[in-house]
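For reference, the chains in residue letters:
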Amino acid sequence: MAEKLLEVKDLNVEFRTDRGVLAAVEDVSFVVEQGQTLCLVGESGCGKSVTSLTLMGLLASNARVKGTLDFGGTDLATLSEDKRRAVRGNDIAMVFQEPMTSLNPVLKIGDQLMEGPRLHLGLDKQAARELAVEMLTKVGIPRPEAVLGEYPHQLSGGMRQRVMIAIALSCVPKLLIADEPTTALDVTIQAQILELMRELSRDSNTAVILITHDLGVVAEMADHVVMMYAGQVVEQTDVMTLFATPLHPYTVGLMASIPRVEAPADTRLESIPGVVPSLADMPAGCRFHTRCAFATAKCVAEQPALVEVVPGHSVRCHLFEPGSTTPNPEALA
Amino acid sequence: MRIEQAVALRPNDPLLSVRDLTIHYPIRKGVFARTVGHVKAVNGVSFDVAPGETVGIVGESGCGKSSTGRALIRLEKITSGRVDFLGRDITAMAEGEFRRLRRDMQMVFQDPFSALNPQKRVGDLLAEPIVVHHLARRRDEVRALVADTLKTVGLTEQFAYRYPHELSGGQRQRVVVARALTTSPKLLICDEPVSALDVSIQAQVLNLLKDLQADLDLAYIFITHGLGAVKYISDRILVMYLGHIVESASTTELFANPRHPYTEVLLNAYPVPDPTVRDRRQRVVIEGEVPSPANPPSGCVFHTRCPSAKDICSVEAPVSQGTSAHSFACHFPLAEGTGPGLRTKGAVA
């Protein structure tokens, strides 16, 4: 058993807006172990990005956070902004989805790469520069010395994402948060970046929280998976169990709705009817009941709790009772 | 209600026939906008589309797949080559004449958020092509046709009174498809129609496209970078790289028996949604990135990244070989039956 690095407990994030208080994340709990990759999976609006921004302390000022974020003994949620800044980019680093917009366009790559190490590791200019060259080499950028003097627009999308990863890893973080790091990239470049992330996390024992909607990427990268829907965790287990025996109707539906390359011809895709509900207009009871084929009166009336049905496998659905992974239709009555 | 096209297709004629399609965009510089070079987006692309058939075009960004699709409907200027649609060369046609033909070929764009005019109601958006092409005159006829089309794509009549911002992404894409269908086209060019949608919604739209094809005998050109989607929907697939078709085969054949090294790389880079194969897969991760189409490599355009490139590849461009059912352009094609694109080290259970 690896050591626990981060424990998120009962995280709730609300935003105060003109349309009232919107709950973006509700009762999210999970544990990240050292060197492990945890995938947060879900569609747009499920709260996966808000969860990661909360961990980084990058939420807008109208957000209210409840719950504990235990990171090696300190609760990130209660840290002052000063102390938070010492953690951010140092112990916890983040790679964003859009490599086109997340680098500063008016600063040279070298300046952006050296900022973190100089601030957090106290390196002088010379040492920071050496580290920057080393990091660029590590992430597979050709002619690193020259790239230090270039601007982001001179690099391609794949190269920029490599630079983002180099920046994130230059202070040897204990935790790397990657929010859809390959979504904007071509598939051969995606394969390169995923391989790179795998290598780097293995070499430096960095834990990774990978946020994605692509079940293919999940299957390639994850040790542990947290499935989210409409701000809640609906299912949570290790990756092998999830793909072998998915329990929640949403997980099952999502898996059936991806066109698979290895599927025999003429298999029809199952699709989940309807759309993800909006935050301002959440259905009562189970949030998935509007789209669920098994929904009954109980699902409309009563919100199911996240229950650990067997050790290491939790699901939020009335169909399942503790002790069994077989759905029990009578439980719905 | 509609006037049939004067030119009838003979039974075995392709609906669309593209020969040596080439699109070069000039690069202009300086005060006099002097042409200093060309972006060679599409180079000598040839293929046919039969009535009712789905042809998928796959490739990475910059491979020329979107330029090809847009050129077919004359949204891009064709540098050279010939495009015959319904037996008539559209490259030589006057705009007015082409506009009448365009009723039979319609386009579905990638981003349903920007493809619909936000100031118009769905009903007005759908009525526009009906009015432009004189498919109905009286207002109640137009309204009835709009309602019919909405039903075809699985929306209710009430949607005619809504504005695009009131719809979800999936609903918007249905409206975009509906608008393309109002003129009862024979060919629909779909450029990444599901890429901007959520996973659970993608399946809905893919199934809709499949059902429409069965009901309306539509032909599709389906342009995408998503291998799963293209396999699900296509009868035949063209693989493009840097403006060239590098391989073309039926969907089953392409996935079972890829012959071009790039096809194999592409199939291999696709993450398989099955964690049990991840440690057994033989990875062919290629180095480097797609070169710039403004300055493509000599010889075979793929040689700079190809795992099996030899000296000749940088000198001589390979010619297309194989049969019309399965062709590929490579000096050193993979041996036949090298096998499934998703090679694994051990046997797959």
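Predicted model, so just to flag it, every value in this text is computed and none were measured.

**Q** Requested: an account of the overall build of chain A, with residues and values cited.
**A** Counting its secondary structure elements, chain A contains eleven helices and twelve strands. Over its C-alpha atoms chain A spans a radius of gyration of 21 Å, differing by no more than 12% from the 20 Å that the globule rule assigns to 333 residues. Seen along its three principal axes, the alpha-carbon backbone of chain A occupies a region of about 70 × 50 × 45 Å. Evaluated residue by residue, chain A yields a buried proportion of 46% over its 333 residues. A sequence separation of at least 24 residues applies to 62% of the contacts in chain A between residues at least 6 apart.

**Q** Which residues make up the overall build of chain B, and what values go with them?
**A** Counting its regular elements, chain B contains nine helices and twelve strands. The C-alpha atoms of chain B give a radius of gyration of 22 Å, which matches the 20 Å a tight globule of 349 residues would have. Projected onto its principal axes, the C-alpha positions of chain B cover 65 × 55 × 50 Å. Counting all 349 residues of chain B, 46% fall into the buried class. Partitioning the contacts of chain B with sequence separation of at least 6, the portion at a separation of at least 24 is 66%.

**Q** Run through the sheet that holds strand S8 (residues 207-212) of chain A, naming residues and quoting values.
**A** Each strand in a sheet pairs with its neighbour through backbone hydrogen bonds, running either in the same direction (parallel) or in the opposite one (antiparallel). All names here are of chain A. Sheet architecture is open: eight strands sit in the order S6-S7-S8-S3-S9-S10-S12-S11, paired in mixed fashion. Each of the sheet's edge strands pairs with one partner strand only, and the pair in question is strand S6 (92-95) and strand S11 (307-310). The sheet shows a mean angle of 20° between the axes of neighbouring strands, direction not considered. Relative to S8, strand S7 (residues 175-179) is paired through five bridges, and the arrangement is parallel. Considered in S8, the bridge of Ala178 is made with Leu210.

**Q** Got a sec to walk through the confidence of the model for chain B? Specific residues and values, please.
**A** All names here are of chain B. Residue-level pLDDT values for chain B average 88, and 92% of them are 70 or greater. Ignoring residues within four places in sequence, the model shows residues 1-6, a span with pLDDT below 50, making six contacts including any to other chains. Across residues 340-349 the pLDDT falls below 50, and counting only partners more than four positions away or on other chains, this stretch makes 20 contacts in the model. Per the prediction output, this complex has pTM 0.86; the corresponding ipTM is 0.83.

**Q** Now, about the environment of Thr35(B): what can you tell me, with residues and values included?
**A** Residue and element names in this part refer to chain B. Tracing the backbone shows Thr35 in strand S2 (residues 34-49). Of the residues examined, Thr35 has 12 C-beta atoms within 10 Å and is grouped as exposed. Along the primary structure Thr35 and Val83 are separated by 48 residues, whereas in three dimensions their C-alpha atoms are 26 Å apart.

**Q** Residue-level account of the nonpolar core, with values.
**A** As a rule of thumb, nonpolar side chains are buried together in soluble globular proteins. Membership of the largest hydrophobic core comes to 185 residues, with the highest contact counts inside it found for Val218(A) and Val239(B). With sequence-adjacent residues up to four places away left out, Val218(A) is seen in contact with Cys39(A), Val41(A), Thr212(A), Val225(A) and Val239(A). Membership of the second largest hydrophobic core comes to five residues, among which are Leu247(A), Val315(A), Cys317(A) and Leu319(A).

**Q** Give a description of the domain arrangement of chain B that names residues and reports values.
**A** Much of the literature gives interface size as the accessible area that the parts lose upon coming together. Residue and element names in this part refer to chain B. Examined at the domain level, chain B breaks down into domain 1 (16-104 + 187-204 + 218-329) and domain 2 (114-184). Look at where the C-alpha atoms of domain 1 and domain 2 centre, and you get two points 30 Å apart. Tallying the contact residues gives eight residues for domain 1 and six residues for domain 2. Looking at the side of domain 1 that touches domain 2 residue by residue, the class counts come to five nonpolar, one polar and two charged.

**Q** Explain helix H10 (residues 249-256) of chain A residue by residue, including any values.
**A** Buried within H10(A) we find Pro249(A), Tyr250(A), Thr251(A), Gly253(A) and Leu254(A). On its buried face, H10(A) sits against helix H8 (215-221), strand S9 (224-229) and strand S10 (232-238) of chain A together with helix H6 (199-216) of chain B.

**Q** Report on the interface of chain B and chain A, specifying residues and quantitative values.
**A** Counting from both sides, the interface comprises 34 residues of chain B and, opposite them, 38 residues of chain A. When contributions to the side of chain B that touches chain A are tallied by element, the ones reaching two or more residues are H6, helix H7 (227-233), helix H8 (251-256) and helix H9 (261-269) of chain B. Here the element with the most residues in the side of chain B that touches chain A is H6(B); it accounts for seven residues. Class assignment of the residues belonging to the side of chain B that touches chain A gives a composition of 19 nonpolar, nine polar and six charged.

**Q** Report on the environment of Ser234(B), specifying residues and quantitative values.
**A** Residues and elements named next belong to chain B. Secondary-structure assignment places Ser234 in the loop between H7 and strand S9 (236-241). It is 22 Å that separates the C-alpha atoms of Ser234 and Gln321, two residues lying 87 residues apart in sequence. Those residues within four positions of Ser234 in sequence are excluded, and the remaining contacts are Thr54, Val55, Gly56, Phe222 and Thr251.

**Q** Tell me about the sheet that holds strand S8 (residues 219-224) of chain B, and name the residues and values.
**A** Residues and elements named next belong to chain B. One open sheet holds the eight strands; their spatial order is S6-S7-S8-S3-S9-S10-S12-S11, and the pairing between them is mixed. Taken across any chain shown, the strands that pair with only one partner, and hence form the sheet edges, are strand S6 (105-108) and strand S11 (320-322). When strand polarity is set aside, the average angle formed by the axes of neighbouring strands in this sheet is 20°. Summarising the sheet, S6 and strand S7 (residues 187-191) pair through four bridges and their orientation is parallel. Directly across from Val108, in S7, lies its bridge partner Cys190. Contacts from helix H5 (residues 169-181) reach S6 and S7, with the element oriented near 170° to S6.

**Q** Tell me about the pairing of strand S3 (residues 54-58) of chain B, residues and numbers included.
**A** All names here are of chain B. For S3, the buried fraction is high: five of the five residues fall into the buried class. For S3 and S8, the ladder comprises five bridges, and the chain directions are parallel. In the sheet register, Ile57 faces S8, and the bridge partner there is Ile223.

**Q** So what about the packing of H5(B) against H6(B)? Which residues, and what values?
**A** Residues and elements named next belong to chain B. The interhelical angle for the contact between H5 and H6, taken along N-to-C directions, is 20°, at an axis separation of 10 Å. What the angle tells us is that H5 and H6 run roughly parallel. The chirality of how H5 crosses H6 is right-handed. On the side of H5, the interface is formed by Gly169, Gly170, Gln173, Arg174 and Val177, while H6 contributes Ile201, Gln204, Val205 and Leu208.

**Q** Outline the pairing of strand S1 (residues 4-17) of chain A, listing residues and values.
**A** Residues and elements named next belong to chain A. By the bridge criterion, ten bridges tie S1 to strand S2 (residues 20-33) in an arrangement that is antiparallel. Note that in S2 the partner of Glu7 across the bridge is Val31. If you look at the hairpin formed by S1 and S2, you'll find two residues sitting between the two strands. As paired elements, S1 and strand S4 (residues 63-71) share eight bridges and run antiparallel to each other.

**Q** I'd like to hear about helix H3 (residues 109-120) of chain A, residue by residue, with values.
**A** All names here are of chain A. All of the buried residues along H3 are Ile109, Leu113, Met114, Gly116, Pro117 and His120. Mapping the buried residues of H3 onto a view down its axis gives an arc of 155°, with all of them on the same face. Looking at the buried positions of H3, the neighbouring elements they touch are helix H4 (125-138), helix H5 (144-148) and helix H6 (157-169). Gly122 sits one or two positions beyond H3 and adopts a positive phi of about 65°.

Reading the values: rules and limits
- Residues numbered from 1 in each chain as written.
- Chains lettered and ligands numbered in written order.
- Predicted model: local features only at pLDDT ≥ 70, side-chain atom pairs only at ≥ 80, totals over all residues.
- Helix = DSSP H or I, 4+ residues; strand = E, 2+ residues; numbered from the N terminus.
- Rg over C-alpha atoms; globule rule 2.2 N^0.38 Å.
- Buried ≥ 20, exposed ≤ 12 C-beta atoms within 10 Å, placed from the backbone.
- Contact = placed C-beta atoms within 7 Å.
- Pairing = 2+ DSSP bridges.
- Axes fitted to C-alpha atoms, helices over the stretch in contact; angles between N-to-C directions.
- pLDDT = per-residue confidence, 0-100.
- Core = buried A, V, L, I, M, F, W, Y, C linked by C-beta atoms within 7 Å.
- Domains from an automatic or database assignment.
- Nonpolar A, V, L, I, M, F, W, Y, C, P; charged D, E, K, R; others polar.
- Parallel < 35°, antiparallel > 145°, perpendicular 65-115°, else oblique.
- Left-handed = near helix turned anticlockwise from the far one by under 90°.
- Arc of directions from axis to C-beta.

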